[in-house]
Amino acid sequence: MRIITILFALVALPVVAASPEAVQGKNGMVTSRSALASEVGVGILKSGGNAIDAAVATGFALAVTYPSAGNIGGGGFAVIRLENGEVLILDHRETAPGSASRDMYLDADGDVIRGLSTRTHKASGVPGTVDGLLLLLQHHGTKSRKEVMAPAILLAKDGFPLTRNLAAQFARVLQAMAPYPASKAKFSKNGTPYAAGDVWKQPDLAATLEEISKKGRDGFYKGRVAKLIVAEMQRGNGDISLADLADYRSVWREPIKGTYRGYDIWGMSPPSSGGVLIVQMLNMLEPYDVKALGWGSAQLIHLMVEAQRRAYADRAEHLGDSDFYNVPVATLTSKAYARKRFGDFDPDRASDSEAIGAGSWPEESAETTHFSVMDGKGNVVALTTTLNSGYGSKIVAAGSGILLNNEMNDFSIKKNVPNQFGLIGRVANAIEPGKRMLSSMSPTIVTKDGVPFLVTGSPGGSTIITTALQVIVNVIDHEMTLEDAVSLPRFHHQWKPDSISYGKHGISPDSLKILQQMGHRNLRAARWGRGFGDANSILYRDGVIYGMKDPRNEGAAIGY
Ligand code: GLY
């Protein structure tokens, strides 16, 4: 009862509301999209856990308190830096089911069947989150599964009062969930939307989490919960089988390592495109005096857009799951390649992404979520997790409380046909059984002389990578405070469509004019808010840990 009282009080605490100030701490910090989940993580730190314990607890809590993207039915990536200086990355991305095939989303004429890879049971990849979080805990945590999962179970069982934002999200998504009784039952009161302040309980999810807490990965990938997921698949002609679930394994991979102006950049390797592209773009920028060009100047936006254009073109051609396709990682991340690739950069003229009309991608990034954790010993976690679209496929596996992902849309379902983020791909990212779909998730840790410096990442589909890039450049080149680096408007170009999207007020009218004179086309301001991304970040400087939640959304940085 006492914990619940604390949880209720937390929702009302002013420190949890959007704050333009970075939070400071000496002993630990968690910054995430959900104030309750950040509080869970900090509670674990305060009880003697390390950053890995706190990240696992935060991850499970997000599955309860931020269901749009926090999940146990999806997947993610973690970049961790241990107190001994070692940097490790864990890939717990979903895999294509064993029965998947390259053309599974095409009709007899070879055309894409609309919605099949996004809004149906067939949209789901085999979830990796539970295996990933448990593996992180097992290898580098100090606390028991029971301890780190207890807060999430409590939040699911006893419920918590819905914020205005969450209640509004549930109301918006209700129509898409209408065909699925278990989804409707979980996210509404028999079809009537919840209101802000209503206490939302998730008994089925609580039971599932309890099963995982007791049995470990077998509590999800085998037995009752696995059977519920497969039964749901069978109800909707989905593909995930009991064997797919039993066979799922996360993978420790070699991190992407780059350098930028004396800092070390540690990112996620394929099947993420994030680490490769961030290092590639930083390599392209390094020869230029970014600071002198000045934040917001047309010259700098032009320089960065041209780097983005080339990097995203390479993404479409070369990036995919490196277990299935020979991704030229070393080449793409080398300084020599960046010099050559950027050799045709003209400081006065936009280059041409081939003449195509402007496409579109989402302005607001409800999908995916990123959180950052640091403890007082120098253990650091950058973790990005996703169901792909907000609320994934919108399908809850009946009886389990688990929302299923629609990650299969991140594959190139047809060569050169854009996915929901407008990203195109080719053979490198074609569907194969057991393969992981290419991701843009970019959890990133920056160190200086072996000491943690910056922890960042973001949701936002294709814009994830350029969001992380801009936070890094803002801090390193423009020497911004963390609050400015995270809060200021951002811009994005992804080669195709040939278009610059930018946060409201992010490009001044005279810069816009200069960019247009240079030949940039389709400059599009976000219609409302400050545009894309939710870069919950941490900066460590002079013995102080600064935590900043992105002011574009709810959430909290909590430190002590
Ligand atoms: N589902 C978004 C991403 O992984 O890039």
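Throughout, residues of each chain are indexed from 1 in the direction in which the sequence is written. In keeping with the model being predicted, local features are shown solely for residues with a pLDDT of at least 70 and side-chain atom pairs are shown and tallied solely at 80 or more, while totals for entire chains, interfaces and linings include all residues. Each side-chain value is derived from all of the structure's non-hydrogen atoms; neither hydrogens nor water enter the calculation.

Participant: Quick rundown of the nonpolar core? Include the residues and the values.
Facilitator: Counting 79 residues, the largest nonpolar core has Phe60, Ile72, Leu136, Leu209, Phe220 and Leu245 as the members making the most contacts within it. Helix and strand labels come from DSSP, where a helix needs a run of H or I of at least four residues and a strand needs a run of E of at least two; each type is numbered from the N terminus. Per-element accounting of this core gives the leading share, eleven residues, to helix H3 (residues 51–65). Setting aside chain neighbours within four positions, we find phenylalanine 60 in contact with Ile72, Leu133, Leu134, Met149, Ala152 and Leu209. Among buried residues, those of type Ala, Val, Leu, Ile, Met, Phe, Trp, Tyr and Cys that are joined through side-chain atoms within 4.5 Å constitute a nonpolar core. The classification of residues rests on relative accessible area computed with a 1.4 Å probe and restricted to protein chains. Under 20% of the type maximum is buried, over 50% is exposed, and intermediate values are partly exposed. In terms of nonpolar packing, the next biggest core, distinct from the first, is built from 63 residues, Leu277, Met284, Phe345 and Val473 among them. Residue contacts follow a heavy-atom distance rule, with two residues in contact if any of their heavy atoms lie within 4.5 Å.

Participant: Tell me about the side chain of threonine 65, and please be specific about residues and values.
Facilitator: Tracing the sequence through the fold places threonine 65 in helix H3. Throughout this description, a polar contact denotes any pair of N or O atoms lying within 3.5 Å of each other; where both atoms belong to protein, one of them has to be capable of donating a hydrogen while the other can accept it, and for residues adjacent in sequence the pair is counted only when both atoms sit in side chains. A polar contact of 2.8 Å, which involves the side chain of threonine 65, links it to the side chain of serine 34. Setting aside its immediate chain neighbours within four residues, threonine 65 contacts Ser34, Leu36, Ala37, Leu155, Phe160 and Leu166.

Participant: So what about the pattern of salt bridges? Which residues, and what values?
Facilitator: Basic side-chain nitrogens of Lys or Arg form a salt bridge, by our definition, when they fall within 4 Å of a carboxyl oxygen of Asp or Glu. One pass over the structure, following the stated rule, counts 32 salt bridges. The shortest N-O distance in the salt bridge between arginine 93 and glutamate 407 comes to 3.1 Å. Residue arginine 93 is found in the loop between strand E4 (87–92) and helix H4 (129–140), and its partner glutamate 407 is found in the loop between strand E13 (402–403) and strand E14 (444–448); the two are separated by 314 residues along the sequence. Judged by relative accessible area, which is 0%, arginine 93 ranks as buried. Looking at glutamate 407, the relative accessible area reads 1%, which means it is buried. As a salt-bridge pair, aspartate 410 and arginine 93 come within 2.8 Å of each other at their nearest N and O atoms. With a gap of 317 residues between them, aspartate 410 in the loop between E13 and E14 and arginine 93 in the loop between E4 and H4 connect regions that are remote in the sequence. Beyond isolated ion pairs, a larger network of salt bridges with shared partners links Glu306, Arg309, Arg310, Asp344, Asp352, Asp498 and Arg521.

Participant: Let's hear about the pairing of strand E15 (residues 451–456): which residues, and what values?
Facilitator: Most of E15 sits out of view: five of its six residues are buried. Two strands qualify as a pair provided that DSSP identifies no fewer than 2 bridges between them. Where E14 and E15 come together, five bridges link them in antiparallel fashion. Within the sheet, the bridge partner assigned to threonine 444 lies in E15 and is threonine 456. Connecting E14 to the next strand, E15, in antiparallel fashion are two residues, including aspartate 449 with a positive phi near 50 degrees.

Participant: So what's going on with the environment of alanine 152? Which residues, and what values?
Facilitator: In this structure, alanine 152 sits in helix H5 (residues 145–158). Between the alpha carbons of alanine 152 and alanine 37 there is a distance of 8.3 Å; along the sequence they are 115 residues apart. In contact with alanine 152, not counting residues within four places along its chain, are Phe60, Ala61, Val64 and Leu209.

Participant: If you had to explain the site of the ligand to someone new, which residues and values would you point to?
Facilitator: Being near a molecule or strand, for a residue, means having at least one of its heavy atoms within 4 Å of it. Within the structure, the ligand sits among Arg93, Thr386, Asn388, Glu407, Asp410, Phe421, Ser439, Ser440 and Met441. A distance of 3.0 Å separates an oxygen atom of the ligand from a polar atom in the side chain of arginine 93. Here a nitrogen atom of the ligand and a side-chain polar atom of aspartate 410 are 2.7 Å apart. In isolation the ligand has 200 Å² of accessible area, and contact with the protein removes 99% of it. A per-class count over the shell around the ligand returns two nonpolar, four polar and three charged. Calculation of accessible area relied on Shrake-Rupley with a 1.4 Å probe; when residues are assessed, cover is drawn exclusively from the protein chains displayed. Gly counts as polar in this scheme, as do all residues outside two lists: the nonpolar Ala, Val, Leu, Ile, Met, Phe, Trp, Tyr, Cys and Pro, and the charged Asp, Glu, Lys and Arg.

Participant: Which residues make up helix H10 (residues 223–235), and what are the values?
Facilitator: Helical geometry: 3.6 residues make up each α-helical turn, so side chains three or four residues apart lie on a common side. Between the first and last residue of a helix there are one fewer steps than residues, each counted as 1.5 Å, and that sum is the expected span. In a regular helix each residue adds 1.5 Å, so 13 residues correspond to 18 Å; H10 covers 18 Å between its end C-alpha atoms and thus fits that length. Inspection of H10 places Val225, Ala226, Ile229, Val230, Glu232 and Met233 among the buried residues, and these make up the whole buried set. Seen along its axis, H10 keeps its buried residues to an arc of 155 degrees; they face one direction. Across H10 from its buried face, at more than 90 degrees, point the exposed residues Lys227, Gln234 and Arg235. What the arc measures is the spread of directions leading from the helix axis to the C-beta atoms.

Participant: Can you explain the confidence of the model for the protein chain? Please cite residues and give values.
Facilitator: On average, the protein chain scores 93 in pLDDT, and the residues at 70 or more come to 94%. Think of pLDDT as the predictor's per-residue confidence, scored from 0 to 100. Note that residues 355–365 has pLDDT below 50 and, in this model, 35 contacts with residues that lie over four places away or in other chains.

Participant: Please set out the packing of H5 against helix H8 (residues 203–215) residue by residue, giving values where relevant.
Facilitator: In the contact formed by H5 and H8, the axes pass within 8 Å of each other and the chain directions differ by 170 degrees. One way to sum up the angle between H5 and H8 is to call them roughly antiparallel. For the pair formed by H5 and H8, the contact residues are Arg145, Lys146, Met149, Ala152, Ile153, Ala156 and Lys157 on the first element and Pro203, Ala206, Leu209, Glu210, Ile212, Ser213, Lys214 and Lys215 on the second. In the contact of H5 with H8, the residues fall into eight nonpolar, one polar and six charged. Between N-to-C directions, angles span 0 to 180 degrees; the directions come from axes that are lines fitted to C-alpha atoms, helices contributing only their stretch in contact. We call two directions roughly parallel when the angle between them is under 35 degrees, roughly antiparallel when it is over 145, roughly perpendicular when it lies between 65 and 115, and oblique otherwise.

Participant: Hey, could you go over unusual backbone geometry for me, with residue numbers and the actual values?
Facilitator: With an omega of 20 degrees, the peptide bond between proline 270 and proline 271 qualifies as cis. Tracing the sequence through the fold places proline 271 in the loop between strand E9 (263–267) and helix H12 (274–285). Proline 497 follows lysine 496 through a cis peptide bond whose omega is 0 degrees. Position of proline 497 among the secondary structure elements: in the loop between strand E16 (491–492) and strand E17 (500–502). Despite not being glycine, lysine 394 has its phi angle at roughly 75 degrees, a positive value. Examined against the element boundaries, lysine 394 turns out to sit in the loop between strand E11 (380–386) and strand E12 (396–397). When its relative accessible area of 16% is taken as the criterion, lysine 394 is described as buried.

Participant: Kindly report on the environment of glycine 74, identifying the contributing residues and their values.
Facilitator: The topology assignment puts glycine 74 in the loop between H3 and strand E3 (75–81). The spatial distance from the C-alpha of glycine 74 to the C-alpha of valine 396 is 12 Å, given a sequence separation of 322 residues. Among residues more than four places away in sequence, those in contact with glycine 74 are Glu94, Pro127, Gly128, Thr129, Thr386, Leu387 and Asn405.

Participant: Give me the sheet that holds strand E21 (residues 556–559): which residues, what numbers.
Facilitator: If you walk across this open sheet you meet the seven strands as E7-E4-E3-E11-E10-E2-E21, and the pairing is antiparallel. If you trace the sheet from one side to the other, it starts and ends with strand E7 (251–253) and E21, each paired once. This sheet shows a mean twist of 15 degrees between the axes of neighbouring strands, independent of strand direction. Contacting strand E2 (28–32), strand E10 (369–375) and E21, helix H2 (residues 35–46) runs over the sheet at an angle of about 160 degrees to E2. Running over the sheet, H3 touches E2, E3, E10 and E11 and is turned about 155 degrees from E10.

Participant: Give me the packing of aromatic side chains: which residues, what numbers.
Facilitator: The criterion for an aromatic pair is that two Phe, Tyr or Trp rings (for Trp, the six-membered ring) have centres within 6.5 Å, with stacked assigned to planes under 30 degrees apart, edge-to-face to planes over 60 apart and tilted to the rest. One pass over the full model with this rule turns up twelve aromatic pairs. Centroid distance phenylalanine 170 to tyrosine 391: 6.2 Å. Interplanar angle 80 degrees. Geometry classified as edge-to-face. Here phenylalanine 170 is found in helix H6 (residues 164–177), whereas its partner tyrosine 391 is found in the loop between E11 and E12, with 221 residues between them in sequence. Looking at tyrosine 391, the relative accessible area reads 4%, which means it is buried. An angle of 70 degrees between the planes, with centres 4.7 Å apart, marks the rings of phenylalanine 220 and tyrosine 221 as edge-to-face. Like tyrosine 221, phenylalanine 220 is buried.

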